[in-house]
Amino acid sequence: MQSASPNAARRTQNPQYDVCIVGSGAGGGMAAHALTAAGARVVMLEAGGAWYASKNSQMLTPAWATPRRGGSTRIRPFGEFDACDGGWDIEGEPYTVASGSQFRWWRARMLGGRTNHWGRISLRFGPDDFRGKTRDGLGDDWPISYEDVAPYYDRIDRLIGIFGSNEGLRNHPDGVFQPPPKPRCYELLVKKASDKLNVTCIPSRLSIITQPLPGRQACHYCGQCNRGCQAKANFSSPDVLIAPALATGRLRLLTNAMAREVGVGADGLATGVHYVDRTTGEDRFVRARIVVLAASALESTRILLNSRSAKFPQGLANSSGTLGKYITDTTGTDVSGFIPAMTDHIPHNHDGVGGLHVYMPWWLDNAKLDFPRGYHIEVWGGTGAPGAGFMGGIHRYPPGGGYGAQLKADYRKYYGATIGFSGRGEMIPNADSFCEIDPSVVDRFGIPVLRFHWKWADHELNQVKHMQETFRALVAELGGTVFSQMPTKAEGYDIARGGTIIHELGGARMGADASTSVLNANCQAHDCKNLFVADGAPFVSQADKNPTWTILALAWRTADYIAEQRKAGAL
Amino acid sequence: MTRQTDGRRTAGEPEVSRREALKAFSLVGMAAALDVTVPQLERATNAIAGMAQQQPPFVPKFFTRHEWRTVRMLVDYVIPRDARSGSATDAKVPEFMDWILADKEATESSKVSMRGGLAWLDRESQDRFGKTFVTAPDADRRRILDDIAWPAKAPDGMRQGVAFFTRFRDMTASGFYSSYIGWNDVQYVGNVFNNWDGCPPAALEKLGVSYDLMKPKTGE
């Protein structure tokens, strides 16, 4: 696209980069780190502004430092001190949901994307997770196996840092772990109850360092990883991946650059990326020999669907018609309860790391259950920092409400006397869950938006029912009382709405067969050899694990492949 | 007139200048580099609390004059001063509520339910005692609160009052416990650089647990 501005001539003489990476999160940051290290000249487009936890974090800001006391806002739905700049509802950036479907789409609009706000739960996919169809006939197998990815998991463990314990569990591979923090006292109580119910409960595996790494301090246990860490003790893309990439002198970072379309030449190859400068509204183009999309699973899918041309009328890399298909989110539901043993807490600081110190990896055999795939359990509770919303619903505790001296004593007595469990499970891709370009709606940049279709199958609903029953059994074993009634099937067993867990995957899945997939086993488009995807979009399936560690591993593996192909002169 | 607490300092907070407070607080941002000590951080956070105490008299943006008097009275019925800590007005809970409800992010329903709930309270008081809530005697006010503060035991016909008071109590707690006074009241001792090495023996003993639970089980 040419514009009439005086800069137009200069723009057509823009430098041509070796690689243009769209997105700066786990996938984009990892690709930039690996490609600049391999000598490539890289330009990175990020739709949001610059943000480095080491400089911009609200770490240790007390609740009373602001009149909102840390409460949530539209752009910070997890609280105003949270690092995330984005949310499910971004001004000027709508999406639509087909009638009968429920879905919400979370977007980050900041350097580092979602790596700024996540729980740092960093689980490898296991051998079974790459071959679901072989195991139970559902979904599809990946074109790669655990053995293909394992060396990259090892490299990421060492580069980024992770704590955990080697347990020898078959489908929950061990890693190169730093020592895990000791469990909090209530987590030991959970461990005891889990042992009683034969639920596997082990130290958690989080990308938070308990021993220093070059340029990064060990965790100081303030429990506020979600705000970003000024000591760089946890993983976020800007401080851990992008800063070193910039230090090579080979990375050009363009912030406030909203990618909208991949440019395609007469030969059918990608020529670069069209983007909108959010600060001026100007349309721009950056030239590159290779394009790597890492804008998040669904944003990368959207860019490809919007990259229509005479040669590719259904969008770029979509000759199979599968672009936008096979999208999934992690299933989720939560149960919390009041635990009488925890009343009248003995004051001590158990902030710990910014997340759980123990968790429960999937421990059962699906062949003996009425749902095909598993889930893991996350644990929370105890005496966290009081903030906005502190102990809401005090009337649910035994005294039933009240006011005055009695109420004030109750807040002291019951503070920290709760434990909660969150289930995070595998959804199987289905034909009714997909995204497409809405035929009539555009965002404020004029870019056509996504329309979502979403449906849970009994696979997911029965799994979430099992979560509810398990969590209630755990609370009972802890001697506690659950705050909510067991939800019914009509209530979906309280399954979180699609998009709520923020683990969207698929949309441009990889596969050996070009007629049923968008990318090959190297995350390279079947239809366009200089186009790659390095976020969650290539995933063939979910797992009972969080996806970030696998996004990182695949992005590094893809970057290695690009570097090899460049060296061989093939790209 | 209600008791004027604006400008009062709460016991135990240090006297600091705004400049000193900002200087101290800037250390928070440099904590990673400077290995700031716990007392320094406490001083910084205390200083923030101190700054809030030096503002000029508060003029509510959301509440009317009459509502303001009612709210200031009602929050202290919810959380009164006692031997350990100050009251909800000491912790500036009414100011917190006013800010939240006047903010652009406040929902229409949250504003209507607050205003409507306060109006309900006055009407109930007028119907029963011929006086608004703030002008009714303490014993009469408590008769109303006794009817709406325990949802499961509330008499029929009090549902609207119960719904209002349940929200009001939650919002009072939200403002009170997120304050410096509130953190100390519930003895929250974190939000500092810490060298975590597990929970203290007394806390483990209370729950009947030990770190032996994490040891691999020996085969049977």
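Residues numbered from 1 in each chain as written. Chains lettered and ligands numbered in written order. Predicted model: local features only at pLDDT ≥ 70, side-chain atom pairs only at ≥ 80, totals over all residues.

Caption draft 1: Here's a closer look at the sheet that holds strand β4 (residues 96-97) of chain A. All names here are of chain A. One open sheet accounts for 3 strands, arranged β4-β16-β15; its pairing is mixed. This sheet does not close on itself; its edge strands, each paired only once, are β4 and β15 (434-442). In the sheet, β15 pairs with strand β16 (residues 448-453) via 5 bridges, with the strands oriented antiparallel. Following the sheet pairing, V442 is matched in β16 by P448. (Pairing = 2+ DSSP bridges. Helix = DSSP H or I, 4+ residues; strand = E, 2+ residues; numbered from the N terminus.)

Caption draft 2: Geometry of unusual backbone geometry. Backbone geometry places A317 of chain A, a non-glycine residue, at a positive phi of 70°. On the basis of neighbour count, A317 of chain A is assigned to the buried category, with 27 C-beta atoms found within 10 Å. (Buried ≥ 20, exposed ≤ 12 C-beta atoms within 10 Å, placed from the backbone.)

Caption draft 3: Broad picture of the packing of helix α2 (residues 26-37) of chain A against helix α7 (residues 237-247) of chain A. Residues and elements named next belong to chain A. Two elements in contact, α2 and α7, have axes whose closest approach is 8 Å; the angle formed by their N-to-C orientations is 30°. When the axes of α2 and α7 are compared, the pair comes out roughly parallel. Of the two elements, α2 crosses α7, and the hand of that crossing is left-handed. Of α7, the residues touching α2 (which contributes A26, G29, M30, A32, H33 and T36) are S237, L241, I242, P244 and A245. Taken together, the residues that form the contact of α2 with α7 break down as 7 nonpolar, 4 polar and no charged. (Axes fitted to C-alpha atoms, helices over the stretch in contact; angles between N-to-C directions. Parallel < 35°, antiparallel > 145°, perpendicular 65-115°, else oblique. Left-handed = near helix turned anticlockwise from the far one by under 90°. Contact = placed C-beta atoms within 7 Å. Nonpolar A, V, L, I, M, F, W, Y, C, P; charged D, E, K, R; others polar.)

Caption draft 4: A look at the sheet that holds strand β13 (residues 375-381) of chain A. Residues and elements named next belong to chain A. The 6 strands lie next to each other as β6-β12-β13-β14-β11-β17, forming an open sheet whose pairing is antiparallel. Since the sheet does not close on itself, it has two edges, and those belong to β6 (202-203) and β17 (481-482), each with one partner. Where strand β11 (residues 331-338) and strand β14 (residues 418-425) come together, 8 bridges link them in antiparallel fashion. Residue pairing for β14: G337 is matched across the bridge by I419. Contacting β12 (358-360), β13 and β14, helix α6 (residues 185-196) runs over the sheet at an angle of about 30° to β12.

Caption draft 5: Up close: the nonpolar core. Among the nonpolar cores identified, the biggest contains 119 residues, and C20, A31 and A555 of chain A are the most heavily contacted of them. Examining the composition of this core, we find that 9 residues originate from one element, helix α11 (residues 548-567) of chain A, more than from any other. Every residue in contact with A31 of chain A, bar those within four places of it in the chain, is listed here: I21, V292, A294, A534, A555, T558 and A559 of chain A. Membership of the second largest hydrophobic core comes to 77 residues, among which are I339 and V358 of chain A together with L145 and Y180 of chain B. (Core = buried A, V, L, I, M, F, W, Y, C linked by C-beta atoms within 7 Å.)

Caption draft 6: View of helix α9 (residues 405-414) of chain A. When we look at burial in α9 of chain A, the residues that qualify are L407, K408, D410, Y411 and Y414 of chain A. Each buried residue of α9 of chain A lies within a common arc of 155° when the element is viewed along its axis, so the set occupies one face. For α9 of chain A, exposure combined with an orientation more than 90 degrees from the buried face picks out A405 and Q406 of chain A. For α9 of chain A, the secondary structure elements touched by its buried residues are α4 (65-78) and α8 (159-177) of chain B. (Arc of directions from axis to C-beta.)

Caption draft 7: Expanded view of the pairing of strand β19 (residues 528-533) of chain A. Residues and elements named next belong to chain A. With 5 of 6 residues buried, β19 is to be regarded as a mostly interior element. Pairing between strand β10 (residues 283-293) and β19: 3 bridges, direction parallel. Along β19, the bridge assignment pairs L293 with V533. Two strands pair when backbone bridges link them, and strand β18 (residues 524-525) and β19 are joined in this way by 2 bridges, in the antiparallel orientation. Looking at β19, one finds that Q524 is bridged to F532. Here β18 folds back onto β19 in antiparallel fashion, the turn holding 2 residues.

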